[in-house]
Structures are given as C-alpha cells and as structure tokens.
Amino acid sequence: MQQPKKPSRNSKLTEQSFPVGSIPLLPLRTGVLFPGTVMSFTVGRPRSVALLDVVGVGDWVLVASQKSSKVVTPKLSDLYQVATLAKVVHSVRTSENAYRLGLEGFARFEITSLSQSEPYMRVEGEVLREIDSDEQESMLLAEELAKRILEVKAQGGTLGESPEIGDNPSIFADRVAAGLGLETEKAVEVLSIAELPARLYRVLALLAELTATADIKRKIQRDVQDQFGKQQREAILRQQLRAIQKELGEDDGGGEDSKLKQKLADAELPEEVQEIVTRELNRLESAGRSAEGNVIRTYLDWIASLPWAARASVREDLNAMARKLDDDHFGLEDVKKRILEHMAVQKLSGNPRGTILALVGPPGVGKTSLGQSIADATGRPLVRIALGGVRDEAEIRGHRRTYVGALPGRILHAIRKAGVKNPLVLLDELDKLGTSWGHAPEAALLEVLDPEQNKSFTDHYLETPFDLSEVMFIATANTLETLSGPLRDRLEVVELSGYTEEEKLAIARRHLLPKRAKENGVPDDLLALSDEALRVLIGSYTREAGVRQLDRELSRITRRVALKIAQDQDSTAD
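Residues numbered from 1 in each chain as written. Predicted model: local features only at pLDDT ≥ 70, side-chain atom pairs only at ≥ 80, totals over all residues. Heavy atoms only, no water.

## Some words on the overall build of the protein
On a plain count of helices and strands, the protein comes out with 18 helices and 15 strands. For the protein, with 574 residues in total, the buried portion stands at 43%. Taking all contacts inside the protein whose residues are at least 6 apart in sequence as the whole, residues at least 24 apart take part in 73%. Summed over its atoms, the accessible surface of the protein is roughly 30,600 Å², and 50% of this surface lies on carbon and sulfur atoms. (Helix = DSSP H or I, 4+ residues; strand = E, 2+ residues; numbered from the N terminus. Buried < 20%, exposed > 50% of the residue type's maximum accessible area, 1.4 Å probe, protein only. Contact = heavy atoms within 4.5 Å. Areas by Shrake-Rupley, 256 points an atom, 1.4 Å probe, with all protein chains shown as cover.)

Written out as structure tokens, the structure is:
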C-alpha cells in the first residue's frame, strides 16, 4: 500500500510564521535565490530602490527571477511563477539610486496575482509546502549526492563550499543546486519541484551533466595545450635545422619560399583568396620541408601563377577583324558574318559575357583555323583544350587536394598557359567527350559554358572561385547529336556546311598549294597547276565537304615534284 505524502522534517523553514496577503516583490535579472541560502547583490532599478526605501532588515520580500535579463521594467508575465520567500538580512544605501542588499531564502512561493505595480510590485499567492514522500529514499539520495560532490572535487572540479546533509536533505539539495552555477531556467526548474525525492533526483542529474561537460572542456583544453606544445617544439627544431643547413651551405628552402611569397604578393589576389593564402603560408611555416609542406608549396605556386588580374588588350576593330577572316578563309561568308555579328553585340553591349559560339560542321572545313583567326583578330591569346576521349569530370574540374598527385583541371591549365584571364579558349572536338559509369564530364562543362555561372567557377583543387566570365569560349564539333540538351542550350551554333567546288579551287590556289610548295622546298616557278587540273583533282580524287583530303593530295604532288627536282640536280652534278 502506497504511503501517504507528508510534510518534510521540522526545520528552521517550517517553524517560521510566514506572511499572508500582499507581499512586496523584488525581481532578479539573473539567478535564483534558493531556500536555505543567502544572496548579496546591488540593487539599482527605480522600482527596486523604491521597495527598499520602505523595507528594512527582518522584513519579508519575495524574490522572483526574470525570464529575460534584457527586460528593464518587468511585468508579472515577465517573471517565473515560482519565487522564493526571503528575509532582508542587511540593507545599506550606497548612493542616492542604489542599495547593497543581503537576502536569506526561507520557502518556495507560488505567485497567483498582482495587487500593486507602482511604485514597486506587490503580489499575492501561497507558500509551497515541501512534500517528502519517502524519508528513507530522500536520505539515501542526499548521501549519494554528497558522494558525487566529493568525487568531483577529488578530480579537481570546483563546486564551492560543500554543504552538510545534517537532518534536512531539502536544505542540502537547495544549497547544492545554488552552488552548481546553473542557468536561470534550470535553477527555476529545481526551485519549482516541491517533492523532495524528485528534486534530489533532478539535482543529481544536473550535477552529472555539468561534470560531463567539464570533462569534455578539460579534454579539449589538454588536447589544445598538447598540440600547441608540439607545434612549438617543431618550430624550434625547424629553426635549428635551418641554422644547420645555413652553416652547411644547403639553405635553399628559405630562398624558394621567399620567392613564392613575393610571387603571391605580386599576384593581385582577391580578398577571399588572400585569406586562404595567409592560412596556407602559416601552415607552410609549420610543415617546413616535409611531404605536407611540398603539397602546400605546390598549391600556393598554382595560385601565384594564375592570372587573377592580368588581361590581354582586346582589339575591337570589326573592319580589321573582317579583313583578317577574309585573308585566312575563302568563302564561308555566312559563317564569317555570324562571327562578326557576335563580336559586334559584345562591343556595343560593353559586356564581355555572352553566348558561347559553337562551330559545327564536317571535318576539314576550317573550324579550328577559324578559332585561330578570331584570336589573331581580337588580340586574345589562343589556348586549345582537346576534349576528345575525356571521360572524367576531374579532367575538367581537377582533383581534390586529398588525392596524391592532385592537380587542377584542363580549364585552369589553359588559363595558366594563356597568362591572362581573358584569352580565347578553343574547346576542340566537343562532341567526342567520353562517357562512363559514374563520370559526367559534360556536367562540369555546364558551369564553364554558362555566362551566369562561370564568374565563380570553382576547381576542386583550387577550392576557391576563379572568374571565367571574361574568357571567350569557342567550341568545335562535327555534330551536336551526341551532346545533352542542357549543354546544347548553352551554345550558339554556327553551321559550316562545306565548300563548293569553286571555293575549293580558290582555297587550293590561294592557300594550300603555296603552303605545301614552301613546306616541301619547291620553288614557285617550278610548279604550276592549271585550274582544269585542280578541278579534276577536286572532283575525281577528293569527295569531302572540307579540304583536308585535297590538302593531302596537293602535299603528295609537291613531294613528287621535290623528288624530281632533287634527282635532276644530282644528274647535273654527275
């Protein structure tokens, strides 16, 4: 049969004649005054000073904790409902607007209503009588709590002065809770528990929680101190090693690092990149000539060698560009007109970002040479990225530095080779990208070729954005059928359908034949091909949209002529 609950043991608290009716209320910004404990603090808020003007030593007051310490003039709703009934132990006026006050807590009190708000608060309620449902359990719990406190102190914990259990576990539990330095919310939770065993259980749980937190903090502090000590020892040893190397005439590492720092200082790095460089330089100081140091040094060298601010002087004379295209390429009038339109739009808009040109057509129609002509006409350096057979996204975006031998991808390699941040990048054979399970190189190109995204292109190795928005991208492909829809959507396609017979005749006469004759050492006056011969060569020996096979045939003819000339010279010498 369950034992009826009964009041706790007689004590100083239960022997008091508690006040009834309206009681003056003193709000606390932070903390809780527990029964059986004494608190001393300074009072300076107007309503609190007004209360102490009429309350003296030995008078009763209620002490209630605020839910938020930021409230200057709290209302009843800003206070916790459970407060502490206390007596004024001492009250000393320290200035016109401040008191030094000492209070002793006696009992828990539940506030029910506000009877006065000015010049200070008065409230009504009732004293919460403590209930001890099992005196034996309460005593055992109090003894366990005392044991835990001794264990914490033995391990170096700080809990203030240890209270004695005596014959009143209730006061013991409250005094222990007061010494734990709890947050206001948790302290009020303990204050609100009138049943003694439940309160002792809660204080035990809070003590265990604080002990575990303190253990973690001590472990972290030890680890930090150990690591700091290790770094100090390593720094001292490295200084001694550098001194020894200097004496032996082997001190070249410092010189290399100094050159690297100078390169980084001259690179005009963006602010976010400079923060990364500063961090890595600090790591380099600690790593020295170790394997980790070489990895950091390679990374910093890559950052220093990229053109973060260097730009080529771009020519915008469209007439000169048209002449250059005409000189280099016969025919293709629609294609050259479309390229000039594209450059005109960029010039008038003043925005280097725009669509990505894709030159699409059969082999040999001059897609790659058109890219070279555009680069020459605009004054941009040309860098070519061969995409045929690329099967891995890392080829485009690079490998993360966690991999052994990691390096940036082909995009940053091309930018580094160009030496400026606004080159013309020729993405050759875009339709020949390889595919394999789990790898999608096209996905990496989506960001590279999107004018809205490539301003912050992030290579996996570099791990910081690099601006590609000023790069002029030109892609070449034989067909777009193998490309995904999203990638095709980012391209502005320029079709190169092929050359007519007359255009091939003009190209052979003006470009291919003189080039091959000069290449094979044949003088101009010793080689002549009529238009009829060239038409026979084009119509009967080459069947293609471009002129690549025609170029091979002309090369073979000039080699035969070169052989004949060389043999005649040998016969004359004999």
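Additional details are given in the paragraphs that follow.
## Here's the deal with helix H3 (residues 169–179)
For H3, a buried count of eight out of 11 residues is recorded, marking the element as mostly surrounded by other parts of the structure. Within H3 the residues assigned to the buried category are Pro169, Ser170, Ile171, Phe172, Ala173, Asp174, Val176 and Ala177. For H3, the side-chain oxygen to backbone nitrogen distance between the N-cap and serine 170 is 3.1 Å, and the N-cap itself is asparagine 168. (Polar contact = N/O pair within 3.5 Å; in protein donor to acceptor, adjacent residues only side chain to side chain.)

## With respect to the packing of aromatic side chains
Taken as a whole, this structure holds four aromatic pairs when the rule is applied. For the ring pair phenylalanine 18 and tryptophan 60, a centre distance of 5.8 Å and an interplane angle of 75° mean the geometry is edge-to-face. In this pair, phenylalanine 18 is assigned in the loop between strand S1 (6–7) and strand S2 (23–28) and tryptophan 60 in strand S4 (residues 60–65), connecting sequence segments 42 residues apart. Every member of this aromatic cluster is reached through a ring pair, and the members are Phe18, Trp60 and Phe106. The ring of tyrosine 299 has arginine 401 lying over it, and the distance from NZ or CZ to the ring centre is 3.7 Å. The lysine or arginine in question, arginine 416, covers the ring of tryptophan 302, its NZ or CZ lying 4.0 Å from the ring centre. (Phe/Tyr/Trp six-rings, centres within 6.5 Å; stacked < 30°, edge-to-face > 60°. Lys NZ or Arg CZ within 6 Å of the ring centre and 35° of its normal.)

## Details of the pattern of salt bridges
What the rule picks out here adds up to 21 salt bridges. The partner of glutamate 130 in a salt bridge is arginine 199, and the shortest N-O contact between them spans 3.3 Å. Taken as a pair, glutamate 130 in the loop between strand S7 (121–128) and strand S8 (131–132) and arginine 199 in helix H5 (residues 196–248) lie far apart in primary sequence, 69 residues in all. When its relative accessible area of 14% is taken as the criterion, glutamate 130 is described as buried. Of the charged contacts, one joins glutamate 429 and lysine 432 as a salt bridge, the two residues approaching to 3.2 Å between their closest N and O atoms. Given the relative accessible area of 29%, glutamate 429 is considered partly exposed. A single network of salt bridges, built from pairs that share partners, joins Arg279, Glu280, Arg283, Arg401 and Glu463. (Salt bridge = Lys/Arg side-chain N within 4 Å of Asp/Glu carboxyl O.)

## Digging into helix H11 (residues 367–378)
Relative to the 16 Å expected for 12 residues at 1.5 Å per residue, H11 spans 17 Å between its end C-alpha atoms, a close match to the ideal helical length. Taken as a whole, H11 has its buried residues at Lys367, Leu370, Gly371, Ser373, Ile374, Ala375, Ala377 and Thr378. Looking one or two residues past H11, glycine 379 carries a phi angle of roughly 80°, positive in sign. (Expected span 1.5 Å × (residues − 1).)

## Looking at unusual backbone geometry
Glutamate 118 connects to proline 119 through a cis peptide bond whose omega is 5°. Checked against the element boundaries, proline 119 lands in the loop between strand S6 (98–116) and S7. With phi around 60°, glutamate 429 is a residue other than glycine that occupies positive phi space. Along the polypeptide, glutamate 429 turns up in the loop between strand S11 (424–428) and helix H14 (441–448).

## Section: the sheet that holds strand S14 (residues 472–477)
One open sheet holds the five strands; their spatial order is S10-S11-S14-S9-S15, and the pairing between them is parallel. Single-partner strands in this sheet number two, and they are strand S10 (382–386) and strand S15 (491–495). Adjacent strand axes in the sheet meet at a mean angle of 25°, parallel and antiparallel pairs treated alike. Sheet strands in contact with helix H13 (residues 410–418) are S10 and S11, and its direction is about 155° off that of S10. (Pairing = 2+ DSSP bridges. Axes fitted to C-alpha atoms, helices over the stretch in contact; angles between N-to-C directions.)

## Brief notes about the pairing of strand S9 (residues 356–360)
Judged by how many residues are buried, S9 sits mostly within the fold: five of five residues are covered. Burial along S9 is two-sided: the face carrying Ile356, Ala358 and Val360 and the face carrying Leu357 and Leu359 are both buried. Bridge count for S9 against S15 is five bridges, and the pairing is parallel. Counted as the bridge partner of leucine 359 is valine 494 from S15. Both S9 and S14 contribute to a ladder of four bridges, which runs parallel. Paired with leucine 357 across the strands is isoleucine 474, a residue of S14.

## Here's the deal with the pairing of strand S5 (residues 82–95)
For S4 and S5, the ladder comprises four bridges, and the chain directions are antiparallel. In the sheet register, tryptophan 60 faces S5, and the bridge partner there is lysine 87. The antiparallel hairpin formed by S5 and S6 contains two residues in its connecting segment.

## A look at the packing of helix H2 (residues 135–154) against H3
It is at 10 Å that the axes of H2 and H3 come closest, and there the two elements cross at 35°. In the packing of H2 onto H3, the handedness of the crossing is left-handed. Within the contact between the two elements, H2 uses Ser138, Met139, Ala142, Leu145, Ala146 and Ile149 and H3 uses Pro169, Phe172 and Val176. Counted by class, the contact of H2 with H3 contains eight nonpolar, one polar and no charged residues. (Left-handed = near helix turned anticlockwise from the far one by under 90°. Nonpolar A, V, L, I, M, F, W, Y, C, P; charged D, E, K, R; others polar.)

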